[in-house]
Amino acid sequence: MVICGRLNAFDDDLQQRLDAIREQGLYRELRRVDSAQGPRIEIAGRMLLNFSSNDYLGLANHPALKEAALKAVEKFGAGAGASRLICGSLAPYHELEGTLAAFKGTEAALSFSTGYAAALGAITALVGKDDLIILDKLVHASIVDAARLSGAKLRVFDHNDLNDLETILKWADKISKAESGKRKAKTLVVTESVFSMDGDHAPLGEIVTLKEKYGAWLMVDEAHATGLFGENRRGLSEATGVSDRVEIQMGTLGKALGASGGYICGSRTLIDFLVNRARSFIFSTAPVPAAAAAATAGIQFVQCGEGEKLRSLLWRHIDRVGADVRRLSNSLTGGQKSQSLLTSSPTSKENLSPILPLIVGEETKAVSISSVLRERGLFVPAIRYPTVARSAARLRITVAATHTAEDVLQLTAALSQIVNRKS
Ligand SMILES: *Cc1c(COP(=O)(O)O)cnc(C)c1O
(Lines give C-alpha, C1' and ligand atoms only; values in the text may rest on other atoms or scores of the structure.)
Protein backbone atom coordinates (compact mmCIF):
# COMPACT_ATOMS: atom_id res chain seq x y z
CA MET A 1 0.00 0.00 0.00
CA VAL A 2 2.84 2.31 0.85
CA ILE A 3 4.43 1.61 -2.50
CA CYS A 4 1.11 2.12 -4.21
CA GLY A 5 0.75 5.52 -2.50
CA ARG A 6 4.20 6.48 -3.66
CA LEU A 7 3.40 5.50 -7.20
CA ASN A 8 0.27 7.62 -7.08
CA ALA A 9 2.33 10.54 -5.91
CA PHE A 10 4.70 9.89 -8.80
CA ASP A 11 1.88 9.99 -11.32
CA ASP A 12 0.34 13.04 -9.63
CA ASP A 13 3.60 14.88 -10.00
CA LEU A 14 3.87 14.01 -13.68
CA GLN A 15 0.21 14.84 -14.22
CA GLN A 16 0.79 18.35 -12.87
CA ARG A 17 3.67 18.80 -15.27
CA LEU A 18 1.55 17.54 -18.16
CA ASP A 19 -1.23 19.97 -17.22
CA ALA A 20 1.27 22.81 -17.39
CA ILE A 21 2.39 21.62 -20.84
CA ARG A 22 -1.23 21.50 -21.98
CA GLU A 23 -1.99 25.00 -20.68
CA GLN A 24 0.76 26.39 -22.87
CA GLY A 25 -0.62 24.70 -25.96
CA LEU A 26 2.42 22.43 -26.04
CA TYR A 27 0.84 19.05 -25.36
CA ARG A 28 1.83 16.37 -27.86
CA GLU A 29 0.27 13.03 -28.62
CA LEU A 30 0.88 10.18 -30.98
CA ARG A 31 -1.46 9.62 -33.90
CA ARG A 32 -1.69 6.02 -34.97
CA VAL A 33 -1.25 5.48 -38.71
CA ASP A 34 -2.67 2.27 -40.16
CA SER A 35 -1.06 2.45 -43.58
CA ALA A 36 2.44 2.67 -44.99
CA GLN A 37 4.08 6.09 -45.15
CA GLY A 38 3.23 7.85 -48.38
CA PRO A 39 1.35 10.81 -49.86
CA ARG A 40 -1.82 9.40 -48.28
CA ILE A 41 -1.95 7.93 -44.81
CA GLU A 42 -4.77 6.31 -42.87
CA ILE A 43 -5.54 7.81 -39.47
CA ALA A 44 -8.59 6.77 -37.43
CA GLY A 45 -10.16 5.07 -40.41
CA ARG A 46 -9.77 8.10 -42.72
CA MET A 47 -7.32 8.60 -45.54
CA LEU A 48 -5.54 11.94 -45.18
CA LEU A 49 -3.26 13.73 -47.60
CA ASN A 50 0.10 13.68 -45.89
CA PHE A 51 2.18 16.88 -45.89
CA SER A 52 4.26 16.06 -42.83
CA SER A 53 6.89 13.55 -43.90
CA ASN A 54 10.61 13.87 -44.57
CA ASP A 55 10.30 11.04 -47.06
CA TYR A 56 10.71 13.66 -49.80
CA LEU A 57 11.11 11.30 -52.71
CA GLY A 58 8.56 8.73 -51.57
CA LEU A 59 11.19 6.02 -51.10
CA ALA A 60 10.02 4.75 -47.70
CA ASN A 61 7.42 2.57 -49.38
CA HIS A 62 9.20 2.12 -52.72
CA PRO A 63 9.38 -1.42 -54.18
CA ALA A 64 13.17 -1.22 -54.66
CA LEU A 65 13.78 -0.51 -50.99
CA LYS A 66 11.21 -3.00 -49.76
CA GLU A 67 12.71 -5.73 -51.86
CA ALA A 68 16.21 -4.99 -50.60
CA ALA A 69 14.94 -5.12 -47.02
CA LEU A 70 13.11 -8.41 -47.62
CA LYS A 71 16.18 -10.02 -49.16
CA ALA A 72 18.29 -8.94 -46.20
CA VAL A 73 15.76 -10.45 -43.80
CA GLU A 74 15.86 -13.75 -45.69
CA LYS A 75 19.61 -13.93 -45.72
CA PHE A 76 20.62 -12.19 -42.49
CA GLY A 77 17.52 -12.52 -40.33
CA ALA A 78 15.52 -10.00 -38.37
CA GLY A 79 17.98 -8.92 -35.69
CA ALA A 80 21.68 -8.09 -35.42
CA GLY A 81 22.51 -9.96 -32.22
CA ALA A 82 24.86 -7.46 -30.61
CA SER A 83 26.96 -4.42 -31.28
CA ARG A 84 29.16 -4.70 -34.37
CA LEU A 85 32.39 -4.85 -32.40
CA ILE A 86 31.08 -7.71 -30.29
CA CYS A 87 29.51 -10.33 -32.50
CA GLY A 88 30.79 -9.57 -35.91
CA SER A 89 29.77 -6.96 -38.36
CA LEU A 90 27.18 -8.20 -40.85
CA ALA A 91 27.83 -7.73 -44.56
CA PRO A 92 24.89 -5.32 -45.18
CA TYR A 93 26.54 -2.63 -43.00
CA HIS A 94 29.75 -2.92 -45.01
CA GLU A 95 27.86 -2.72 -48.28
CA LEU A 96 26.02 0.33 -46.96
CA GLU A 97 29.22 2.05 -45.86
CA GLY A 98 30.98 1.34 -49.17
CA THR A 99 27.97 2.69 -51.05
CA LEU A 100 27.78 5.75 -48.78
CA ALA A 101 31.46 6.64 -49.16
CA ALA A 102 31.24 6.32 -52.94
CA PHE A 103 28.01 8.34 -53.00
CA LYS A 104 29.50 11.13 -50.87
CA GLY A 105 32.92 11.00 -52.50
CA THR A 106 34.71 10.45 -49.18
CA GLU A 107 37.36 7.92 -48.19
CA ALA A 108 35.10 6.15 -45.73
CA ALA A 109 31.76 6.11 -43.94
CA LEU A 110 30.30 4.76 -40.72
CA SER A 111 26.63 3.97 -40.20
CA PHE A 112 24.76 4.37 -36.91
CA SER A 113 21.32 3.22 -35.83
CA THR A 114 19.96 6.78 -36.18
CA GLY A 115 21.10 10.25 -37.16
CA TYR A 116 20.68 11.19 -33.50
CA ALA A 117 23.14 8.45 -32.52
CA ALA A 118 25.57 9.58 -35.23
CA ALA A 119 25.62 13.15 -33.87
CA LEU A 120 25.95 11.94 -30.30
CA GLY A 121 28.71 9.45 -31.06
CA ALA A 122 30.79 11.67 -33.30
CA ILE A 123 30.66 14.90 -31.31
CA THR A 124 31.37 13.32 -27.93
CA ALA A 125 34.27 11.38 -29.47
CA LEU A 126 35.83 14.43 -31.12
CA VAL A 127 35.67 17.08 -28.40
CA GLY A 128 35.91 17.05 -24.61
CA LYS A 129 36.18 19.38 -21.66
CA ASP A 130 39.32 21.18 -22.85
CA ASP A 131 37.77 21.95 -26.22
CA LEU A 132 35.24 24.37 -27.63
CA ILE A 133 32.14 23.64 -29.68
CA ILE A 134 30.37 26.38 -31.61
CA LEU A 135 26.80 25.78 -32.84
CA ASP A 136 24.41 27.68 -35.06
CA LYS A 137 21.50 28.75 -32.86
CA LEU A 138 19.02 26.63 -34.81
CA VAL A 139 20.84 23.29 -35.04
CA HIS A 140 18.91 20.11 -34.34
CA ALA A 141 18.40 18.81 -30.80
CA SER A 142 20.69 15.83 -31.47
CA ILE A 143 23.62 18.22 -31.93
CA VAL A 144 22.72 20.35 -28.92
CA ASP A 145 22.45 17.25 -26.73
CA ALA A 146 25.74 15.88 -28.06
CA ALA A 147 27.50 19.19 -27.45
CA ARG A 148 26.28 19.30 -23.86
CA LEU A 149 27.21 15.69 -23.22
CA SER A 150 30.70 16.18 -24.67
CA GLY A 151 31.58 18.53 -21.81
CA ALA A 152 33.23 20.96 -24.25
CA LYS A 153 32.75 24.71 -23.73
CA LEU A 154 29.64 25.55 -25.72
CA ARG A 155 29.06 28.76 -27.65
CA VAL A 156 26.12 29.53 -29.94
CA PHE A 157 26.20 31.96 -32.86
CA ASP A 158 23.12 33.73 -34.18
CA HIS A 159 21.48 31.81 -36.95
CA ASN A 160 23.54 32.01 -40.16
CA ASP A 161 25.35 35.07 -38.76
CA LEU A 162 28.93 34.99 -40.04
CA ASN A 163 30.02 38.05 -38.05
CA ASP A 164 28.88 36.46 -34.83
CA LEU A 165 30.62 33.20 -35.75
CA GLU A 166 33.85 35.05 -36.51
CA THR A 167 33.72 36.93 -33.21
CA ILE A 168 33.53 33.63 -31.34
CA LEU A 169 36.26 32.02 -33.46
CA LYS A 170 38.56 34.98 -32.81
CA TRP A 171 37.95 34.74 -29.08
CA ALA A 172 38.60 30.96 -29.17
CA ASP A 173 41.82 31.51 -31.09
CA LYS A 174 43.06 34.02 -28.50
CA ILE A 175 42.28 31.70 -25.60
CA SER A 176 43.95 28.69 -27.15
CA LYS A 177 47.09 30.73 -27.87
CA ALA A 178 47.19 31.99 -24.29
CA GLU A 179 47.10 28.43 -22.97
CA SER A 180 50.03 27.24 -25.02
CA GLY A 181 51.43 25.02 -22.25
CA LYS A 182 48.59 22.52 -22.44
CA ARG A 183 47.36 20.32 -25.27
CA LYS A 184 46.08 22.65 -27.91
CA ALA A 185 42.32 23.00 -27.48
CA LYS A 186 40.27 22.02 -30.51
CA THR A 187 37.39 24.05 -31.84
CA LEU A 188 34.52 22.33 -33.62
CA VAL A 189 31.91 24.32 -35.54
CA VAL A 190 28.62 22.56 -36.27
CA THR A 191 25.84 23.66 -38.59
CA GLU A 192 23.03 22.12 -40.60
CA SER A 193 23.11 22.66 -44.33
CA VAL A 194 19.34 22.93 -44.88
CA PHE A 195 17.68 23.81 -41.57
CA SER A 196 15.08 21.35 -40.43
CA MET A 197 12.33 23.68 -39.24
CA ASP A 198 12.93 26.81 -41.36
CA GLY A 199 14.16 25.21 -44.54
CA ASP A 200 16.77 27.89 -45.18
CA HIS A 201 20.37 27.25 -46.20
CA ALA A 202 23.58 27.79 -44.26
CA PRO A 203 26.23 29.92 -46.02
CA LEU A 204 28.55 26.92 -46.23
CA GLY A 205 31.17 28.52 -48.47
CA GLU A 206 31.72 31.39 -46.02
CA ILE A 207 31.61 29.11 -42.98
CA VAL A 208 34.30 26.89 -44.52
CA THR A 209 36.49 29.95 -45.19
CA LEU A 210 36.10 31.11 -41.59
CA LYS A 211 36.83 27.76 -39.97
CA GLU A 212 39.96 27.44 -42.10
CA LYS A 213 41.08 30.96 -41.21
CA TYR A 214 40.93 30.09 -37.50
CA GLY A 215 42.03 26.47 -37.72
CA ALA A 216 38.71 25.04 -36.51
CA TRP A 217 37.03 21.82 -37.61
CA LEU A 218 33.62 21.77 -39.29
CA MET A 219 30.79 19.27 -39.04
CA VAL A 220 27.83 19.70 -41.40
CA ASP A 221 24.52 17.96 -40.78
CA GLU A 222 23.00 17.26 -44.20
CA ALA A 223 19.84 15.57 -42.88
CA HIS A 224 17.52 17.56 -45.17
CA ALA A 225 19.85 17.93 -48.14
CA THR A 226 21.24 14.45 -48.75
CA GLY A 227 19.65 12.95 -51.84
CA LEU A 228 18.24 16.32 -52.93
CA PHE A 229 21.02 18.85 -53.57
CA GLY A 230 24.15 18.81 -55.70
CA GLU A 231 25.02 17.28 -59.03
CA ASN A 232 25.36 13.83 -57.49
CA ARG A 233 22.68 14.53 -54.81
CA ARG A 234 25.35 14.42 -52.12
CA GLY A 235 23.93 17.44 -50.37
CA LEU A 236 24.37 21.17 -50.06
CA SER A 237 28.12 20.87 -49.45
CA GLU A 238 28.41 19.43 -52.93
CA ALA A 239 26.12 22.09 -54.42
CA THR A 240 28.28 24.76 -52.73
CA GLY A 241 31.52 23.11 -53.90
CA VAL A 242 33.00 22.63 -50.42
CA SER A 243 32.59 18.88 -49.75
CA ASP A 244 36.35 18.33 -49.71
CA ARG A 245 36.84 20.96 -47.04
CA VAL A 246 34.31 19.67 -44.49
CA GLU A 247 35.98 17.38 -41.94
CA ILE A 248 32.81 15.64 -40.73
CA GLN A 249 29.79 15.10 -42.96
CA MET A 250 26.80 13.85 -41.08
CA GLY A 251 23.31 12.86 -42.11
CA THR A 252 20.41 10.49 -41.78
CA LEU A 253 19.32 7.56 -43.90
CA GLY A 254 15.73 8.09 -42.77
CA LYS A 255 14.66 11.14 -44.77
CA ALA A 256 15.08 11.49 -48.55
CA LEU A 257 16.91 8.14 -48.59
CA GLY A 258 13.74 6.46 -47.36
CA ALA A 259 15.17 4.00 -44.83
CA SER A 260 16.48 4.41 -41.30
CA GLY A 261 19.83 5.05 -39.65
CA GLY A 262 22.47 7.75 -39.53
CA TYR A 263 25.93 8.23 -40.98
CA ILE A 264 29.23 10.02 -40.70
CA CYS A 265 31.36 10.36 -43.86
CA GLY A 266 34.93 11.58 -43.98
CA SER A 267 38.51 10.38 -43.98
CA ARG A 268 39.50 6.77 -43.23
CA THR A 269 41.23 8.06 -40.11
CA LEU A 270 38.06 9.77 -38.89
CA ILE A 271 36.07 6.57 -39.35
CA ASP A 272 38.70 4.38 -37.65
CA PHE A 273 38.73 6.85 -34.78
CA LEU A 274 34.92 6.73 -34.43
CA VAL A 275 34.89 2.92 -34.42
CA ASN A 276 37.19 3.19 -31.41
CA ARG A 277 35.64 6.15 -29.64
CA ALA A 278 32.00 6.76 -30.62
CA ARG A 279 30.08 5.40 -27.66
CA SER A 280 26.69 5.35 -29.39
CA PHE A 281 28.27 3.05 -31.98
CA ILE A 282 30.26 0.86 -29.60
CA PHE A 283 27.67 0.33 -26.88
CA SER A 284 24.54 -0.20 -28.95
CA THR A 285 23.16 -3.19 -30.82
CA ALA A 286 23.63 -2.83 -34.56
CA PRO A 287 20.49 -1.83 -36.49
CA VAL A 288 18.47 -4.55 -38.16
CA PRO A 289 20.24 -5.68 -41.34
CA ALA A 290 17.09 -4.87 -43.33
CA ALA A 291 17.50 -1.18 -42.47
CA ALA A 292 21.05 -1.15 -43.84
CA ALA A 293 19.99 -2.96 -47.00
CA ALA A 294 17.06 -0.57 -47.57
CA ALA A 295 19.36 2.41 -47.06
CA THR A 296 21.86 1.01 -49.59
CA ALA A 297 19.00 0.65 -52.10
CA GLY A 298 17.84 4.19 -51.30
CA ILE A 299 21.29 5.64 -52.00
CA GLN A 300 21.51 3.74 -55.27
CA PHE A 301 18.04 4.87 -56.20
CA VAL A 302 18.62 8.60 -55.73
CA GLN A 303 21.62 8.36 -58.04
CA CYS A 304 19.79 6.65 -60.90
CA GLY A 305 17.69 8.23 -63.63
CA GLU A 306 14.42 7.36 -61.93
CA GLY A 307 15.64 9.03 -58.78
CA GLU A 308 16.47 12.16 -60.74
CA LYS A 309 12.95 12.12 -62.19
CA LEU A 310 11.46 12.05 -58.71
CA ARG A 311 13.75 14.83 -57.62
CA SER A 312 12.58 17.11 -60.42
CA LEU A 313 8.95 16.29 -59.62
CA LEU A 314 9.61 17.29 -56.02
CA TRP A 315 11.17 20.62 -57.02
CA ARG A 316 8.23 21.32 -59.31
CA HIS A 317 5.78 20.85 -56.42
CA ILE A 318 7.94 22.97 -54.15
CA ASP A 319 8.04 25.76 -56.72
CA ARG A 320 4.24 25.76 -56.77
CA VAL A 321 3.60 25.55 -53.05
CA GLY A 322 6.57 27.63 -51.85
CA ALA A 323 5.41 30.99 -53.18
CA ASP A 324 1.90 30.51 -51.76
CA VAL A 325 3.18 29.49 -48.38
CA ARG A 326 5.54 32.47 -48.17
CA ARG A 327 2.72 34.83 -49.03
CA LEU A 328 0.38 33.31 -46.43
CA SER A 329 3.12 33.28 -43.85
CA ASN A 330 3.74 36.98 -44.46
CA SER A 331 0.08 37.76 -44.10
CA LEU A 332 -0.14 35.85 -40.80
CA THR A 333 2.91 37.45 -39.24
CA GLY A 334 2.16 40.88 -40.67
CA GLY A 335 5.12 40.69 -43.00
CA GLN A 336 7.42 40.41 -40.02
CA LYS A 337 10.44 38.34 -40.91
CA SER A 338 11.24 35.17 -39.06
CA GLN A 339 14.67 33.58 -39.13
CA SER A 340 13.59 31.70 -42.16
CA LEU A 341 13.03 31.25 -45.81
CA LEU A 342 10.92 34.38 -45.65
CA THR A 343 14.08 36.40 -45.74
CA SER A 344 15.50 34.80 -48.83
CA SER A 345 14.59 35.55 -52.38
CA PRO A 346 11.68 33.29 -53.20
CA THR A 347 12.41 31.97 -56.64
CA SER A 348 16.17 31.53 -56.76
CA LYS A 349 16.93 27.88 -57.24
CA GLU A 350 19.65 28.15 -54.63
CA ASN A 351 17.17 28.75 -51.87
CA LEU A 352 14.72 26.08 -52.81
CA SER A 353 13.99 23.88 -49.87
CA PRO A 354 11.90 20.81 -49.21
CA ILE A 355 10.73 22.38 -45.94
CA LEU A 356 8.08 25.06 -46.22
CA PRO A 357 7.29 26.68 -42.89
CA LEU A 358 4.07 28.61 -42.52
CA ILE A 359 4.90 30.74 -39.50
CA VAL A 360 1.84 31.28 -37.30
CA GLY A 361 3.33 32.54 -34.04
CA GLU A 362 1.00 31.57 -31.25
CA GLU A 363 1.09 27.89 -30.30
CA THR A 364 -2.66 27.41 -29.86
CA LYS A 365 -3.35 29.08 -33.19
CA ALA A 366 -0.96 26.75 -35.01
CA VAL A 367 -2.63 23.75 -33.38
CA SER A 368 -6.07 24.96 -34.33
CA ILE A 369 -5.11 25.55 -37.99
CA SER A 370 -3.57 22.09 -38.07
CA SER A 371 -6.76 20.52 -36.73
CA VAL A 372 -9.01 22.41 -39.17
CA LEU A 373 -6.78 21.13 -41.97
CA ARG A 374 -7.10 17.61 -40.61
CA GLU A 375 -10.89 17.86 -40.65
CA ARG A 376 -10.55 18.75 -44.30
CA GLY A 377 -8.45 15.69 -44.96
CA LEU A 378 -4.96 17.23 -44.85
CA PHE A 379 -2.29 16.17 -42.38
CA VAL A 380 0.07 19.06 -41.62
CA PRO A 381 1.78 19.13 -38.23
CA ALA A 382 1.91 22.17 -35.92
CA ILE A 383 5.51 22.54 -34.76
CA ARG A 384 5.91 24.22 -31.40
CA TYR A 385 8.36 24.86 -28.61
CA PRO A 386 10.74 23.23 -27.77
CA THR A 387 11.26 22.18 -31.40
CA VAL A 388 11.17 25.88 -32.35
CA ALA A 389 11.31 29.02 -30.20
CA ARG A 390 8.27 30.06 -28.15
CA SER A 391 5.78 32.16 -30.12
CA ALA A 392 7.35 30.95 -33.38
CA ALA A 393 4.93 28.06 -33.83
CA ARG A 394 4.37 27.04 -37.39
CA LEU A 395 2.87 24.58 -39.76
CA ARG A 396 5.78 22.66 -41.20
CA ILE A 397 4.71 21.75 -44.69
CA THR A 398 6.59 19.18 -46.69
CA VAL A 399 5.60 17.93 -50.10
CA ALA A 400 6.80 14.72 -51.70
CA ALA A 401 7.60 13.68 -55.23
CA THR A 402 4.77 11.17 -54.95
CA HIS A 403 2.07 13.84 -54.46
CA THR A 404 0.03 14.62 -57.54
CA ALA A 405 -0.52 18.10 -58.92
CA GLU A 406 -4.11 17.90 -57.58
CA ASP A 407 -2.87 17.01 -54.10
CA VAL A 408 -0.73 20.10 -54.10
CA LEU A 409 -3.58 22.28 -55.36
CA GLN A 410 -5.82 20.94 -52.63
CA LEU A 411 -3.22 21.93 -50.07
CA THR A 412 -2.73 25.48 -51.27
CA ALA A 413 -6.49 26.04 -51.65
CA ALA A 414 -7.20 24.83 -48.12
CA LEU A 415 -4.34 26.86 -46.65
CA SER A 416 -5.48 30.10 -48.29
CA GLN A 417 -9.06 29.64 -47.13
CA ILE A 418 -8.17 28.81 -43.56
CA VAL A 419 -5.44 31.38 -43.13
CA ASN A 420 -7.48 34.17 -44.68
CA ARG A 421 -10.35 33.31 -42.38
CA LYS A 422 -8.14 33.21 -39.29
CA SER A 423 -6.11 36.32 -39.78
C1 LIG B 1 16.10 14.15 -38.30
C2 LIG B 1 17.34 14.88 -37.99
C3 LIG B 1 18.39 14.28 -37.29
C4 LIG B 1 18.28 12.93 -36.65
O5 LIG B 1 18.23 11.91 -37.58
P6 LIG B 1 17.43 10.57 -37.21
O7 LIG B 1 17.91 9.59 -38.17
O8 LIG B 1 15.98 10.92 -37.35
O9 LIG B 1 17.77 10.25 -35.78
C10 LIG B 1 19.55 15.00 -37.13
N11 LIG B 1 19.67 16.25 -37.62
C12 LIG B 1 18.67 16.86 -38.27
C13 LIG B 1 18.87 18.23 -38.80
C14 LIG B 1 17.47 16.20 -38.48
O15 LIG B 1 16.48 16.82 -39.10
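Just so you know, these numbers come straight off a predicted model, no measurement behind them. (Residues numbered from 1 in each chain as written. Predicted model: local features only at pLDDT ≥ 70, side-chain atom pairs only at ≥ 80, totals over all residues. Heavy atoms only, no water.)

**Describing the site of the ligand**
At step 1: Taken together, 14 residues sit near the ligand, with G115, D221, H224, T252 and K255 positioned nearest.
At step 2: Contact between the ligand and H224: an oxygen atom at 2.6 Å from a side-chain N or O atom of the residue.
At step 3: At the level of elements, helix 5 (115-126) and strand 8 (248-252) are the ones that each hand at least two residues to the shell around the ligand.
At step 4: Class assignment of the residues belonging to the shell around the ligand gives a composition of three nonpolar, eight polar and three charged. (Near = heavy atom within 4 Å. Polar contact = N/O pair within 3.5 Å; in protein donor to acceptor, adjacent residues only side chain to side chain. Helix = DSSP H or I, 4+ residues; strand = E, 2+ residues; numbered from the N terminus. Nonpolar A, V, L, I, M, F, W, Y, C, P; charged D, E, K, R; others polar.)

**Focus on the nonpolar core**
At step 1: Core analysis: the largest hydrophobic core is formed by 87 residues, its most contacted members being V189, L358, L373, L395, I397 and L415.
At step 2: Among the elements that take part in this core, helix 12 (residues 289-303) stands out by supplying nine residues, more than any other.
At step 3: If you look at the next biggest cluster of nonpolar residues, it comprises 31 residues, including L270, L274, A278 and I282. (Core = buried A, V, L, I, M, F, W, Y, C linked by side-chain atoms within 4.5 Å. Buried < 20%, exposed > 50% of the residue type's maximum accessible area, 1.4 Å probe, protein only.)

**Regarding the sheet that holds strand 12 (residues 382-383)**
At step 1: Ordered in space as 10-13-12, the three strands form an open sheet in which the pairing is antiparallel. Two strands lie at the open edges of the sheet, namely strand 10 (355-361) and strand 12, each paired on one side alone.
At step 2: Relative to strand 10, helix 13 (residues 305-332) is tilted by about 15°, and along the sheet it contacts strand 10 and strand 13 (393-398).
At step 3: Packed onto the sheet, helix 14 (residues 363-375) meets strand 10, strand 12 and strand 13 and runs at close to 35° relative to strand 13. (Pairing = 2+ DSSP bridges. Contact = heavy atoms within 4.5 Å. Axes fitted to C-alpha atoms, helices over the stretch in contact; angles between N-to-C directions.)

**A closer look at the pairing of strand 7 (residues 217-221)**
At step 1: Of all five residues making up strand 7, four are buried, and the element is well covered by its neighbours.
At step 2: Here strand 6 (residues 187-192) pairs with strand 7 via five bridges, running parallel. The partner of V189 across the bridge, within strand 7, is L218.
At step 3: Read from strand 6 through helix 8 (residues 204-213) to strand 7, the crossover connection turns out right-handed. (Right-handed = clockwise from strand over helix to strand, strands pointing away.)

**Observations concerning the layout of surface pockets**
At step 1: Its volume calculated, the largest pocket comes out at about 990 Å³.
At step 2: Around the largest pocket sit 32 residues that line it, and E29, F379, P381, A382 and I383 are the ones nearest its centre.
At step 3: At the level of elements, helix 14 and strand 12 are the ones that each hand at least two residues to the lining of the largest pocket.
At step 4: Per-element tally for the lining of the largest pocket: the top contributor is helix 14, with four residues.
At step 5: Here the lining of the largest pocket is built from residues that sort into twelve nonpolar, twelve polar and eight charged. (1 Å grid on protein atoms, 1.4 Å probe; cavity = no way out; pocket = protein on both sides within 12 Å on 5 of 7 lines; lining within 4 Å. Points joined across faces, edges and corners; volume = space filled by probe spheres on them.)

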